[in-house]
Amino acid sequence: MQRASMSSSAGETEAALLALLHLIRLMGAELVAGQHRDDVELLVKAVETKLRSARFPAEMPNQDIVKGLDLAQARLRPILEELRARSEKAHLSDQLLLAPRPSRIH
């Protein structure tokens with residue numbers, strides 16, 4: 001695997017971040033839409049926990065790592081909140097579909 005150049009422009013870095021965030025959003029949406037919507041909270045907790053355990057090149061300055069992780073967390077927060085909301089909405093919809101309907105016979 002070839003390592004990405006450390007001299008990326010700010011625009012390239014922003015485009016890469018947006019693409020990765022889009023993938024995370026799509027993966028989460030697939031989870032909510034599928035039969036594993038109960039796992040959304042597990043995904044959110046895992047992302048929040050595992051984000052800080054990422055490995056970085058030894059030559060990368062610690063300050064860049066800390067600032068980059070803070071930026072990633074800030075960018076992920078709205079996506080994770082949206083996934084939680086979509087999951088809750090899907091659960092409510094499921095409950096409404098499964099709820100017994102009152103009899104219309106009088």
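Please refer to the structure placed before this passage.
Keep in mind that what you see is a predicted model, and the values were worked out from it rather than measured.

Some details on the overall build of the protein chain
Thought 1: Secondary structure summary: the protein chain contains three helices and zero strands in total.
Thought 2: Shown N-terminal to C-terminal, the secondary structure of the protein chain runs as helices and strands in the order α-α-α.
Thought 3: When burial is assessed residue by residue, the protein chain has 19% of its 106 residues classed as buried.
Thought 4: Relative to all contacts within the protein chain whose residues are 6 or more apart in sequence, the contacts with residues 24 or more apart total 73%.
Thought 5: By element, 60% of the accessible surface of the protein chain is carried by carbon and sulfur atoms, the whole surface being about 8600 Å².

Here's the deal with the nonpolar core
Thought 1: Ranked by size, the top nonpolar core spans 14 residues in total, and within it Val32, Val40, Leu51, Leu76, Leu80 and Leu83 carry the most contacts.
Thought 2: When residues of this core are traced back to their parent elements, those giving at least two are helix H1 (10-33), helix H2 (40-50) and helix H3 (62-98).
Thought 3: In terms of residues, this core owes the most to one element, H3, which gives eight residues.

Brief notes about H1
Residues that lie three or four places apart on an α-helix share one face, since the helix turns once every 3.6 residues.
Thought 1: Taking 1.5 Å per residue as the helical rise, H1 with its 24 residues ought to reach 34 Å, and the 34 Å between its terminal C-alpha atoms agrees with that figure.
Thought 2: Listing the buried residues of H1 in full gives Leu17, Leu21, Gly28, Ala29, Leu31 and Val32.
Thought 3: Taken together, the buried residues of H1 touch H2 and H3.

Some points on the packing of H1 against H3
Thought 1: In contact at an axis separation of 10 Å, H1 and H3 are set at 20° when each is read in the N-to-C sense. It follows from the interaxial angle that H1 and H3 lie roughly parallel. Two packed elements cross with a definite hand, and for H1 against H3 that hand is right-handed. Packed against H1, whose contacting residues are Glu14, Leu17, Leu18, Leu21, Ile24, Arg25, Gly28, Ala29 and Val32, the element H3 presents Leu71, Arg75, Leu76, Ile79, Glu82, Leu83, Arg86, Ser87 and Ala90 at the interface.
Thought 2: Split by residue class, the contact of H1 with H3 holds 11 nonpolar, two polar and five charged.

So, the environment of His91
Thought 1: Tracing the backbone through its elements, the reader meets His91 in helix H3.
Thought 2: Separated by 59 residues in the primary sequence, His91 and Val32 place their C-alpha atoms 9.3 Å from one another.

A short note on a nonpolar patch on the surface
Thought 1: A cluster of nonpolar side chains, namely Leu20, Leu23 and Leu26, defines an oily patch on the protein surface of about 290 Å² accessible area.
Thought 2: Positionally, Leu20 belongs in helix H1.
Thought 3: Residue Leu20 is classed as exposed on the basis of its relative accessible area, which comes to 52%.

Describing the pattern of salt bridges
Thought 1: Applying the stated criterion across every chain, the model contains six salt bridges.
Thought 2: Close ionic contact of Glu41 with Lys45 constitutes a salt bridge, the shortest N to O distance being 3.9 Å. Of this pair, Glu41 and Lys45 both sit in helix H2, four residues apart, which is roughly one turn of the helix.
Thought 3: Across the pair Glu48 and Arg84 runs a salt bridge whose closest N-O atoms are separated by 3.9 Å. One end of the pair, Glu48, is in helix H2; the other, Arg84, is in helix H3, and 36 residues separate them in sequence.

Analysis parameters
- Residue numbers here run from 1 along each chain, matching the order of that chain's written sequence.
- Only residues with pLDDT of at least 70 are given local features in this predicted model, and only at 80 or more are side-chain atom pairs given and counted; all residues enter the totals for whole chains, interfaces and linings.
- Side-chain calculation: all heavy atoms of the structure are included, whereas hydrogens and water are not.
- Numbering of helices and strands runs from the N terminus, with a helix taken as a DSSP run of H or I at least four residues long and a strand as a DSSP run of E at least two residues long.
- Remark: exposure states derive from per-residue accessible area (1.4 Å probe, protein chains only) relative to the maximum for the residue type, with buried under 20%, exposed over 50%, and partly exposed in between.
- Every residue pair with non-hydrogen atoms within 4.5 Å of one another is taken to be in contact.
- The accessible surface values rely on the Shrake-Rupley method and a 1.4 Å probe; as for residues, cover is taken only from the protein chains in view.
- Buried Ala, Val, Leu, Ile, Met, Phe, Trp, Tyr and Cys residues form a nonpolar core when they are joined through side-chain atoms within 4.5 Å.
- Helices are assigned an expected span. That span is 1.5 Å times one less than the residue count.
- What counts as an axis is a line fitted to C-alpha atoms, over the stretch in contact for a helix, and the angles between N-to-C directions run from 0 to 180 degrees.
- Should an angle lie under 35 degrees it is considered roughly parallel, over 145 roughly antiparallel, and from 65 to 115 roughly perpendicular; all remaining angles are considered oblique.
- By definition, turning the near helix anticlockwise from the far helix through less than a right angle yields a left-handed crossing, and turning it clockwise yields a right-handed one.
- The classification used treats Ala, Val, Leu, Ile, Met, Phe, Trp, Tyr, Cys and Pro as nonpolar, Asp, Glu, Lys and Arg as charged, and all other residues, Gly among them, as polar.
- Residues enter a patch when their relative accessible area is above 30% and they make no salt bridge; the linking distance is 9 Å between like charges and 5 Å between nonpolar side chains (Val, Leu, Ile, Met, Phe, Trp, Tyr).
- Any carboxyl oxygen of Asp or Glu within 4 Å of a side-chain nitrogen of Lys or Arg constitutes a salt bridge here.

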